[in-house]
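Structural features, examined
The lines below spell out each chain.
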Amino acid sequence: MAIFYDTHAHLSYTDFADELPKVIERAQAAGITKLISIATDLESSQRTLLIAERFPNVFAVVGWHPSDAPEAPVDIRPALRNLAQHPKVVALGETGLDYYRLPSKKAGLTQADDEAYKKKQADLFRQHLEVAAELGLNCVIHQRDCLEDTLAVFEPFAKQVRGVFHCFANDAATMRRILGLGSLVSFTGILTFKNGQNIRDTLAATPLDQFMLETDSPFLAPVPYRGKRCEPAYVKEISEVAAQVKGCSLEDLSAATCSTAKQFFKRLS
Ligand SMILES: [Zn+2]
Ligand SMILES: [Zn+2]
């Protein structure tokens, strides 16, 4: 059986609380041998580390998600440095920018609130990149509806820190810009969606050794589970579509994506 990794799942979410051992067993049974669990704030970073301590094949990415920026400390660097000392931390994140739900879309809030929100996100993102550069770690980057602003913050760090632009949903030209910076992209179950042709086209243009696979569990369950809670075992369904799109065997896809993940997530063993 071809083995794969789930390079982006949120195992600390309450969606999994009751049955985490079973979720991890089902992943193993499907050939998904390593899971990278991504935190979204300091509390979930702590919980993610506990999960990584409990399960040998689970690794942790610690950080603060841009959508939760308003609740973040002004300076998250000391906390990140501290968390990153844990031997199972393989990268920082997820960090980045997200302009999908701006404050002004809610009643009573204005453009000034949007600007403050964007600035806080950019400050946090920069702090993650600074600490990553300092510690020789890479970053898991989240970007939604703000590609240019995200690249503007990232580019000054691109020589020291590699990013994986996760849940990649942009076109081939954007993918090439990111690879040109020495960074990577990763693809979710959107690859399997009927309306995912544009993403399959981007994958088709992405070199076999420059991308990773992920579920973003509990979100984005692939076909035939679409609409249900997603879990890491479903990398299997994603890998089958990815191999078709790349016109390669599952074994070749396994070798390429696992080796890319081992190079990117430095302490992944
Ligand atoms: Zn994300
Ligand atoms: Zn995520």
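Look above for the structure.
Description of the structure in this document. Residue numbers here run from 1 along each chain, matching the order of that chain's written sequence. Each chain is given a letter, starting from A, and each ligand a number, starting from 1, according to the order in which they appear as written. Reporting of local features is limited, given that this is a predicted model, to residues whose pLDDT is at least 70; pairs of side-chain atoms are given and counted only at 80 or more, and all residues count toward the totals for whole chains, interfaces and linings. In computing side-chain properties, one takes all heavy atoms of the structure into account and sets aside hydrogens as well as water.

**Thoughts on the side chain of S37**
Secondary structure counts use DSSP, requiring at least four H or I residues in a row for a helix and at least two E residues in a row for a strand, with both numbered from the N terminus. Mapped onto the elements of the fold, S37 is located in strand β2 (residues 32–38). Exposed residues in this analysis have more than 50% of their type's maximum accessible area, buried residues have under 20%, and partly exposed residues fall in between, with area computed by a 1.4 Å probe over protein chains only. With a relative accessible area of 0%, S37 lands in the buried category. One polar contact links the side chain of S37 to the main-chain amide nitrogen of L11, over a distance of 3.1 Å. Residues are treated as being in contact if the distance between any of their heavy atoms lies within 4.5 Å. Beyond its immediate stretch of four places on either side in the chain, S37 contacts A9, H10, L11, S12, T48, V58, F59, A60 and V61. Identification of polar contacts relies on pairs of N or O atoms within 3.5 Å, with a donor-acceptor requirement for protein atoms, meaning one able to donate a hydrogen and the other able to accept it, and with residues adjacent in sequence counted only if both atoms are side-chain atoms.

**Focus: the packing of aromatic side chains**
Aromatic ring pairs: the centre-centre distance and the angle between the two ring planes describe each pair. By convention, a stacked pair of Phe, Tyr or Trp rings (six-membered ring in the case of Trp) has centres within 6.5 Å and planes under 30 degrees apart, an edge-to-face pair has planes over 60 apart, and any other such pair is tilted. Tallied over the full model, the rule gives six aromatic pairs. Considering the side-chain rings of F168 and F187, the 6.3 Å spacing of their centres and the 90° angle between planes classify their relative orientation as edge-to-face. Within this pair, whereas F168 is found in the loop between β6 (163–165) and α6 (172–180), its partner F187 is found in strand β7 (residues 184–187), the two being separated by 19 residues in sequence. Seen from their ring centres, F264 and F265 are 4.9 Å apart, and the 85° between their planes marks the pair as edge-to-face. With respect to burial, F264 and F265 carry one shared label: buried. Grouping aromatic residues by their ring pairs yields a cluster made of F168, F187 and F211. We call a charge positioned above a ring when the Lys NZ or Arg CZ atom is no farther than 6 Å from the ring centre and deviates by at most 35 degrees from the ring normal. Over the aromatic face of F59 sits the side chain of K88, whose NZ or CZ is 4.7 Å from the ring centroid.

**Some points on the coordination of the zinc ion (ligand 1)**
Taken together, E94 (OE), H142 (ND1) and H166 (NE2) make up the protein donors of the zinc ion (ligand 1), found 2.0 to 2.1 Å from the metal. Metal donors: N, O and S atoms at distances within 2.8 Å, or within 3.2 Å for Na, K and Ca, with water omitted from the atom set so that some sites may seem incomplete. For the zinc ion (ligand 1), the donor residues sit on a single chain with the sequence spacing E-x47-H-x23-H. Separating the zinc ion (ligand 1) from the zinc ion (ligand 2) is a gap of 3.4 Å, which E94 spans by donating to each of them. One end of the pair, E94, is in strand β4 (residues 89–98); the other, H142, is in strand β5 (residues 139–144), with 48 residues separating them in the sequence. Of the two residues, E94 and H142, both sit in the buried class.

**Section: unusual backbone geometry**
Note the cis peptide between G93 and E94, where omega equals 0°. Along the chain, S217 connects to P218 via a cis peptide bond; the corresponding omega equals 5°. Residue position: P218 is located in the loop between β8 (211–213) and α8 (235–246). One non-glycine residue with positive phi stands out, namely D145, at about 60°. Here D145 shows up in the loop between β5 and α5 (147–154). Under the relative-accessibility criterion, D145 is labelled exposed at 53%.

The analysis is restricted to geometry; functional conclusions fall outside its scope.
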